[in-house]
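# Descriptive analysis of the structure
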Amino acid sequence: MKYRVMAVGSEGVRLMMESALTARDRVGVQDFVLLENYTSEAAFIENLRKRFKENLIYTYIGSVLVSVNPYKDLEIYSKQHMERYRGVNFYEVSPHIYAVSDNSYRAMRTERKDQCILISGESGAGKTEASKKILQYYAVTCPASDKVELVKDRLLQSNPVLEAFGNAKTLRNDNSSRFGKYMDIQFDFKGAPVGGHILNYLLEKSRVVHQNHGERNFHIFYQLIEGGEEDLLRRLGLERNAQQYQYLVKGNCPKVSSINDKNDWKTVRKALTVIGFSEDEVEELLNIIASVLHLGNVQFAGDEAGNSQITTETQIKYLARLLGVEGTALKEALTHKKIIAKGEELMSPLNLEQAAYARDALSKAVYGRTFSWLVNKINESLSYKDPIYPGRKSAAVIGLLDIYGFEVFQHNSFEQFCINYCNEKLQQLFIELTLKSEQEEYESEGITWEPVQYFNNKIICDLVEEKFKGIISILDEECLRPGDASDITFLEKLEDTVGGHAHFVTHKLADGKTRKVMGREEFRLLHYAGEVNYNVNGFLDKNNDLLFRNLKEVMCQSENKILTQCFDRDELSDKKRPETAATQFKNSLAKLMEILMSKEPSYIRCIKPNDAKQAGRFDEVLIRHQVKYLGLMENLRVRRAGFAYRRKYETFLQRYKSLCPETWPNWNGRLADGVAILVKHLGYKPEEYKLGRSKIFIRFPKTLFATEDALEVRKHSLATTLQAAWRGYGQKSKFQKLRASAILIQAWWRGILARRKAARRRWAANTIRRFVKGFIYRQQPRCPENEYFLDYVRYSFLMNLKRNLPKTILDKSWPVPPPALAETSEQLKKLYVQNMVWSYCKRINPEWKNQLEQKVVASEIFKDKKDNYPQSVPKLFVSSRLSNEEVNPKVIQALGNEKMKYGVPVTKYDRKGYKARPRQLLLTQNCAFIVEEAKLKQRIDYSALRGISVSSLSDGLFVLHVPCEDNKQKGDVVLQSDHVIETLTKVAISAEKVNNININQGSIKFTVGQGGKEGIIDFTSGSELLIAKAKNGHLSVTAPRLNSR
Ligand SMILES: Nc1ncnc2c1ncn2[C@@H]1O[C@H](COP(=O)(O)OP(=O)(O)O)[C@@H](O)[C@H]1O
Ligand SMILES: [Mg+2]
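So, about the overall build of the protein chain. Of regular secondary structure, the protein chain possesses 37 helices and 31 strands. Here the C-alpha atoms of the protein chain give a radius of gyration of 70 Å, more than 25% beyond the 31 Å that 2.2 N^0.38 yields for 1045 residues. Burial analysis of the protein chain (1045 residues in total) assigns 49% to the buried set. Partitioning the intrachain contacts of the protein chain with sequence separation of at least 6 by distance along the chain shows that 63% fall at a separation of at least 24. Taken as a whole, the protein chain presents about 52900 Å² of accessible surface, with 52% of it coming from carbon and sulfur. With 157 positive and 126 negative side-chain charges, the protein chain shows a separation of 16 Å between the mean positions of the two kinds.

This is the structure we're talking about:
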């Protein structure tokens, strides 16, 4: 809401005003206060006309809304229009009835004061439509909940029902309200409509039995006949033809083009359901409506004595059923009158005229009371019950007054008298509240003021209502007076009593000119709104509003549930004379005035543009007349001279004090001084305001709006300051909380870390202590002092062992065990080595085994004994150095069964000259052969082999010792092999002479042939291998020195 105001702002208002100014020529001004020639009635009407032509039917006089009936649907009542006016300042948007509605609503909400909207204007000017528009506005725009929806619906739906029963076509208006209606809309503290209450005023009952020409009875009769289902009509005994009913033919106007009775019937039926009428209640209600129609058709005929008899029996039959009464009792009551004379009851027959009168009286009473029952019923359905405090009233109300407008017909009767009196009273209220009180206020506040002259209609009100001297008093007096009081005697009494009054004339009292237009049975009142001639015929009866006692008695017996509530039996025993209709009306109007006075009023002044109910026709004469009697010119003059806005100093200061540094935040001096300083600070010009005794008066709305806008801006900056402080505070506390939390967490975490560290230190110290202790006690048997240490030593040894186990069998490394584990370590080592050996062995194949076996033998023989042994170790022994192809086939043949197992090329040295000869050495199963080409040069049986000699040096020379005695043998053989270790190992294994290999230092002796001749081989070390016969006859062998030695 506020943002919208902000969005428009003062600049927006200025622009709008300017654009309004440029459009002024075409559409006039939207507030008469802006009219330059504001004292000219012609200018006033011209402005209305311009606007009316542009379909701008609404114009302000200050805060009063003037509305001209367009007699056509304008597209200005949509939901979008409602939204446009919602929460917006009155003068910021073009005049509209929604602006007035919203203004009242907001005033109610912000000031918590009950409001009322007074809608006035003559019949057909648009009052009822206006009240409906207001109600719709509230229904659509007010906050709502599900519960409220129903209330809203009921509030809206009460209209069609009340209109069906209380409105009728008149010459002035096709939908003329024939009753006065004041409706309170109740709101809860949230501003949602939660209930309603209706006060109804004086229904024009005479319409039930009679209508002037061109008029109709109440809508409901036609709706029932046109729209009622066949079944329903049959049950009610009705025909679908309004012409059949005496009560509907008087005005000779059954159909009206602007009214669709059939559709309206559907609307009313639906509305009755929404309001909460049960099916039974609707049925009873329609029974009553139908019975009124039947009553109208009851006919009488006179007998010889002139006493009336009923001639229409069927009607009585229907009536008895529909009204729930005894047929015969009804018949009797309609044709007789009960007279109590000297304590005795007598039944006196009625003549024809009296009987018709009694019948019509009954119809009026039944209809009138049913209407009141209907209003009560609607009130029940609208009644607000606080869900928590059932007795509590709603927070605030907005009253809507839509009462019959000022009315002048050709023939005016008691009803018009009452209606117009009512309008006088409302005009009086308007004068009191706007013209009079406003001017009085200026005076009492000491504001210099040029009084505006206006016509005060109090004089007419007094003429009508004054005690003893007023027309109503005189009428009552005539009604109560014993004797032959009549309408004419009433007229005469009037002439006697108020004959001299300036606003009262009769035929007799009038001058010649007036006399021509007045009947003898008429009196004329010069109302504020014009002259009206009232025909006194029927005044007494209508004022008495009497129902013969016996008819009342019959109705009290009714079984119709509605009628039992309408006709109370207590009424029969009540001897007191009921108040007359006019007095009742007067009293209820007085009460209404009180209600309205207690509320903050807003006004809507409705104007009727023409008498023909035509769109677009602007009847200037008619309008000038209304402008005059509505007092719009005076209204405007007071408004122009006066001030748009006034407030008590206190309220004003309280609201705007934030706009001035001196008054903010508190003003401690006199209120008037505070306000003076404030407005000075705001830059008000002297002509813009006046300071009274207790109030400030601001002349133009725009001044106030500027101030409101400033307040709005100020509110924002105040809000920003507050917000900033609050946010700062919020952030600060948040930060402090965060910091405190962080510190707390930190403290905890540090504590945890410190405790962990301490624990570690403690543990470390403990460990060290245990270590030291354990170390000291390490030699002791296991005891508490050393067990940790021992365990640790054991553990670390085992872990170390696990990491450093030897990878191969040849690797002899092994971690040094602690003393306590020496034995274990040994065991483990053994196990481990065994395991390694075992798994190594598992991997050896037979070939390799053979090789190894030979190597072992070689090792046994030569290791550490012969110099070139180490070089032979890495070289694998082969199975033979000679293949079969390399051995002469003849030799193979000569070998016969002896298969060659090993062959190697050797060099043989002659026994005598030591000549070197290339030979082959072949080994078989049993012997060794020396072969020269194809010849087996020498065979040495293994058994005959005595031994084998080699040097300890690196040469390849060796001697096979053979016994000389044997002839077959040629003596020891000196051979040289390049693979001496392999060759000799093979020989040793084949001949099983492993232990027979002599390794000699220096020299070898051997025998040469038979006779025991000896040869010597000398071995020396040298740079290279040299084998030659020395001078001493020895064979000299120089063996190269090898690095290994
Ligand atoms: N604002 C409006 N827009 C359109 N038509 C309207 C408006 N006000 C009144 N009328 C027309 O004028 C007729 C009479 O209005 P109504 O409110 O019944 O008059 P009142 O209650 O003053 O006697 C309505 O039936 C409707 O046709
Ligand atoms: Mg009306």
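Across the five residues of strand S2 (residues 64–68), five count as buried, placing the element largely inside the fold. A two-sided burial pattern is seen for S2, the buried positions comprising Val-64, Val-66 and Val-68 on one face and Leu-65 and Ser-67 on the other. Note: strand S1 (residues 58–61) against S2, four bridges, orientation antiparallel. Within S2, the position partnered with Ile-61 by the bridge is Val-64. Inspection of the sheet shows S2 paired to strand S16 (residues 600–607) by four bridges, in the parallel sense. Across the sheet, Ser-67 pairs through a bridge with Cys-606, a residue of S16.

Summarising burial for strand S22 (residues 927–932): five of the six residues are buried, a large majority. In this sheet, S22 lies alongside strand S21 (residues 916–923) in antiparallel orientation, the contact comprising four bridges. If you follow Leu-922 over to S22, its bridge partner there is Phe-929. Between S21 and S22, which pair antiparallel one after the other, the connecting turn spans three residues. Both S22 and strand S23 (residues 935–941) contribute to a ladder of six bridges, which runs antiparallel. Its bridge partner being in S23, Ile-930 is matched across the sheet by Gln-938. What sits between the antiparallel neighbours S22 and S23 is a turn of two residues, in which Glu-933 has the positive phi angle 45°.

So, on to the sheet that holds strand S17 (residues 645–648). Within a beta sheet, neighbouring strands are joined by backbone hydrogen bonds and run either parallel or antiparallel to one another. Taken in spatial order, the three strands make up an open sheet running S17-S19-S18, and their pairing is antiparallel. A single partner strand is all that each edge strand has here, and the edge strands are S17 and strand S18 (689–691). When strand polarity is set aside, the average angle formed by the axes of neighbouring strands in this sheet is 15°. Relative to strand S19 (residues 695–698), S18 runs antiparallel, the two sharing three bridges. Bridge assignment links Tyr-689 to a residue of S19, and that residue is Ile-698.

Attention now moves to the sheet that holds strand S30 (residues 1026–1029). The strand order across the open sheet formed by four strands is S28-S29-S31-S30, and the pairing between neighbours is mixed. Edge positions in the sheet fall to strand S28 (1003–1008) and S30, since each of these pairs with one other strand and no more. When the angles between neighbouring strand axes are averaged without regard to direction, this sheet yields 20°. Relative to strand S31 (residues 1035–1040), S30 is paired through four bridges, and the arrangement is antiparallel. Note that in S31 the partner of Ala-1028 across the bridge is Ser-1036.

A word on unusual backbone geometry. Backbone phi values are negative for most residues with the exception of glycine, while trans is the configuration of most peptide bonds. The residue after Trp-664, namely Pro-665, is reached through a cis peptide bond having omega 0°. Mapped onto the fold, Pro-665 is located in the loop between helix H29 (649–656) and helix H30 (671–682).

We now examine the site of ligand 1. Around ligand 1, the surrounding shell holds 15 residues, and the nearest of these are Asn-69, Gly-124, Lys-127, Thr-128 and Asn-173. For ligand 1, an oxygen atom lies 2.8 Å from a polar atom in the side chain of Lys-127. Contacts to ligand 1 include Asn-173, whose side-chain N or O atom sits 2.8 Å from an oxygen atom. Protein coverage of the free-state accessible area of ligand 1, which is 550 Å², stands at 86%. Its residues placed into classes, the shell around ligand 1 shows four nonpolar, seven polar and four charged.

Our focus in this paragraph is the coordination of the magnesium ion (ligand 2). Distances from the magnesium ion (ligand 2) to its protein donors, namely Thr-128 (OG1) and Ser-177 (OG), fall within the range 2.0 to 2.2 Å. Here Thr-128 is found in helix H6 (residues 127–141), whereas its partner Ser-177 is found in strand S5 (residues 176–177), with 49 residues between them in sequence. For the pair Thr-128 and Ser-177, a shared accessibility class is recorded, and that class is buried.

With that out of the way, let us pick up the packing of helix H17 (residues 414–444) against helix H18 (residues 458–465). Between H17 and H18, whose axes approach to 9 Å, the crossing angle comes to 140°. Considering their axes alone, H17 and H18 lie oblique with respect to each other. Classified by chirality, the crossing of H18 by H17 is left-handed. Every residue of H18 that contacts H17 at Phe-417, Tyr-421, Glu-424, Lys-425 and Gln-428 is listed here: Lys-458, Ile-460, Cys-461, Val-464 and Glu-465. Grouping the amino acids of the contact of H17 with H18 by side-chain chemistry returns five nonpolar, one polar and four charged.

The next thing to look at is the packing of aromatic side chains. As enumerated under the stated definition, the model contains 39 aromatic pairs in all. Taking 5.4 Å as the distance between ring centres and 65° as the angle between the ring planes, the aromatic pair formed by Tyr-442 and Phe-697 counts as edge-to-face. Here Tyr-442, found in helix H17, pairs with Phe-697, found in strand S19; they are 255 residues apart in sequence, far enough to count as distant. The rings of Tyr-77, Tyr-85, Tyr-98, Tyr-105, Tyr-137, Tyr-138 and Phe-187 are connected pair by pair, giving a single aromatic cluster.

By size, the foremost hydrophobic cluster in this structure holds 111 residues, and its most contacted members are Tyr-138, Phe-165, Phe-221 and Leu-334. Setting aside residues no more than four positions away along its own chain, Tyr-138 makes contact with Ser-101, Ser-104, Tyr-105, Ile-117, Lys-152, Ile-185, Phe-187 and Ile-398. Counting residues in each nonpolar core, the second largest holds 67 residues, with Tyr-404, Tyr-528, Ala-582 and Phe-585 among its members.

Counted according to the given criterion, the structure contains 53 salt bridges. Close ionic contact of Lys-552 with Glu-571 constitutes a salt bridge, the shortest N to O distance being 3.4 Å. With a gap of 19 residues between them, Lys-552 in helix H23 (residues 549–556) and Glu-571 in helix H25 (residues 570–573) connect regions that are remote in the sequence. Among the salt bridges present, the one from Glu-932 reaches Arg-919, with a minimum N-O distance of 3.4 Å. Taken together, the residues Glu-932 in strand S22 and Arg-919 in strand S21 connect sequence positions 13 residues apart. Residue Glu-932 is classed as partly exposed on the basis of its relative accessible area of 24%. Linked by salt bridges that have partners in common, Arg-178, Glu-204, Arg-207, Glu-215 and Glu-407 make up one network.

Next up on the list: the environment of Arg-946. Relative to the helices and strands, Arg-946 resides in the loop between S23 and strand S24 (947–951). Sequence-wise, Arg-946 and Glu-326 are 620 residues apart; in three dimensions their C-alpha atoms are separated by 175 Å.

Reading the values: the criteria
- Residues numbered from 1 in each chain as written.
- Chains lettered and ligands numbered in written order.
- Predicted model: local features only at pLDDT ≥ 70, side-chain atom pairs only at ≥ 80, totals over all residues.
- Heavy atoms only, no water.
- Helix = DSSP H or I, 4+ residues; strand = E, 2+ residues; numbered from the N terminus.
- Rg over C-alpha atoms; globule rule 2.2 N^0.38 Å.
- Buried < 20%, exposed > 50% of the residue type's maximum accessible area, 1.4 Å probe, protein only.
- Contact = heavy atoms within 4.5 Å.
- Areas by Shrake-Rupley, 256 points an atom, 1.4 Å probe, with all protein chains shown as cover.
- Lys, Arg positive; Asp, Glu negative; His and termini not counted.
- Charge placed at Lys NZ, Arg CZ, Asp CG, Glu CD.
- Pairing = 2+ DSSP bridges.
- Axes fitted to C-alpha atoms, helices over the stretch in contact; angles between N-to-C directions.
- Near = heavy atom within 4 Å.
- Polar contact = N/O pair within 3.5 Å; in protein donor to acceptor, adjacent residues only side chain to side chain.
- Nonpolar A, V, L, I, M, F, W, Y, C, P; charged D, E, K, R; others polar.
- Donors = N, O, S within 2.8 Å, 3.2 Å for Na, K, Ca; no water.
- Parallel < 35°, antiparallel > 145°, perpendicular 65-115°, else oblique.
- Left-handed = near helix turned anticlockwise from the far one by under 90°.
- Phe/Tyr/Trp six-rings, centres within 6.5 Å; stacked < 30°, edge-to-face > 60°.
- Core = buried A, V, L, I, M, F, W, Y, C linked by side-chain atoms within 4.5 Å.
- Salt bridge = Lys/Arg side-chain N within 4 Å of Asp/Glu carboxyl O.

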